[in-house]
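# Structure at a glance
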Amino acid sequence: MIYAINIFCEPTTPASSIAARFTKQVISEGHGVYRLFFYGDGVSNLLQRENPLASIWSELITQHNIDAVACVSSLNARHPGADSAQPETLIPNISVSGLGQYIDSLLQADRVINFGG
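Starting from 1, residues in each chain are numbered consecutively following that chain's sequence as written. The predicted origin of the model limits local features to residues at a pLDDT of at least 70 and limits the giving and counting of side-chain atom pairs to 80 or more, whereas totals for whole chains, interfaces and linings rest on all residues. No hydrogens and no water enter the side-chain calculation; it runs on all heavy atoms of the structure.

## Some points on the pairing of strand β3 (residues 68-71)
Accessible area is worked out with a 1.4 Å probe on protein chains only. A residue is then buried under 20% of its type maximum, exposed over 50%, and partly exposed in between. Strands here are runs of E lasting at least two residues and helices are runs of H or I lasting at least four, both read from the DSSP assignment and numbered beginning at the N terminus. Alternating residues of β3 divide into Ala68 and Ala70 and Val69 and Cys71, and every residue in both groups is buried. Bridge analysis of strand β2 (residues 32-38) against β3 gives three bridges, and the strand direction is parallel. Within β3, the residue paired with Phe38 across the bridge is Ala70. Look down the strands so they point away from you; if going from the first strand over the helix to the second traces a clockwise path, that crossover is right-handed. Note that the unit made of β2, helix α2 (residues 54-63) and β3 has a crossover that is right-handed. As judged from the three bridges shared by β3 and strand β4 (residues 95-97), these two strands associate in the parallel manner. Directly across from Val69, in β4, lies its bridge partner Ser95. In short, DSSP must find at least two bridges between two strands for them to pair.

## A closer look at the pattern of salt bridges
Salt bridge criterion: a side-chain nitrogen from Lys or Arg within 4 Å of a carboxyl oxygen from Asp or Glu. Tallied over the full model, the rule gives three salt bridges. As a salt-bridge pair, Asp104 and Arg35 come within 3.0 Å of each other at their nearest N and O atoms. Remark: Arg35 occurs in strand β2 and Asp104 occurs in helix α4 (residues 99-108); sequence separation between them is 69 residues. Overall, Asp104 belongs to the partly exposed group, its relative accessible area being 22%. Its salt-bridge partner being Asp41, residue Arg78 comes within 2.8 Å of it at the nearest N-O pair. On the criterion of sequence distance, the pair formed by Arg78 in helix α3 (residues 72-78) and Asp41 in the loop between β2 and α2 is long-range, its members being 37 residues apart. Arg78 sits in the partly exposed class, given a relative accessible area of 36%. Bridged by salt links that share partners, the residues Arg35, Asp67 and Asp104 form one connected network.

## Considering the sheet that holds β4
Here we have five strands laid out as an open sheet, ordered β4-β3-β2-β1-β5, and parallel in their pairing. On the outer flanks of this sheet lie β4 and β5 (111-115), each paired with one strand and no other. Geometrically, the sheet is characterised by an average inter-axis angle of 25° between neighbouring strands, direction not taken into account. Every axis corresponds to a line fitted to the C-alpha atoms, with the helix fit spanning only the stretch in contact, and the corresponding angles, defined between N-to-C directions, vary from 0 to 180 degrees.

## As for the packing of aromatic side chains
Put simply, two rings from Phe, Tyr or Trp (the six-membered ring, in Trp's case) pair if the centres are within 6.5 Å, and we call them stacked under 30 degrees between planes, edge-to-face over 60, tilted for the rest. Overall, the coordinates contain six aromatic pairs when judged by the stated rule. Ring plane angle 55° and centroid distance 5.7 Å describe the contact between Phe22 and Phe115, whose orientation is recorded as tilted. Linking Phe22 in helix α1 (residues 14-28) with Phe115 in strand β5, this pair joins segments that are 93 residues apart in sequence. Judged by its relative accessible area of 26%, Phe22 is partly exposed. The buried category is assigned to Phe115, whose relative accessible area is 11%. Ring centres of Phe38 and Trp57 lie 5.3 Å apart, and the angle between their planes is 90°; this geometry places the pair in the edge-to-face category. Here Trp57 lies in helix α2 and Phe38 lies in strand β2, a separation of 19 residues in the sequence. Here the two residues Phe38 and Trp57 agree in accessibility, since each one is buried.

As structure tokens, then:
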């Protein structure tokens, strides 16, 4: 089973930590994660500073080579400059792209799971 996992909530909410645990569980059961898509307040999960889940997401994305995308519009609205002027503010291995990547994951995955929103 291939999952697309979408995170729409801030890292301080229970839904964000549940999303991280769910992603770990999916992988541990032998399923695939097509893409993690962070949208709206969810892009804050990808900031290195002041983020309790940054190291967890970073480890998951890096160790399992997961395609992780931050929505460019959400990132610019909530954290101006994080995508270009200050890329070091994001955890490693994050792509910054648009909603086309979101639509692509909806079409490619067997299951789509949304957290927050």
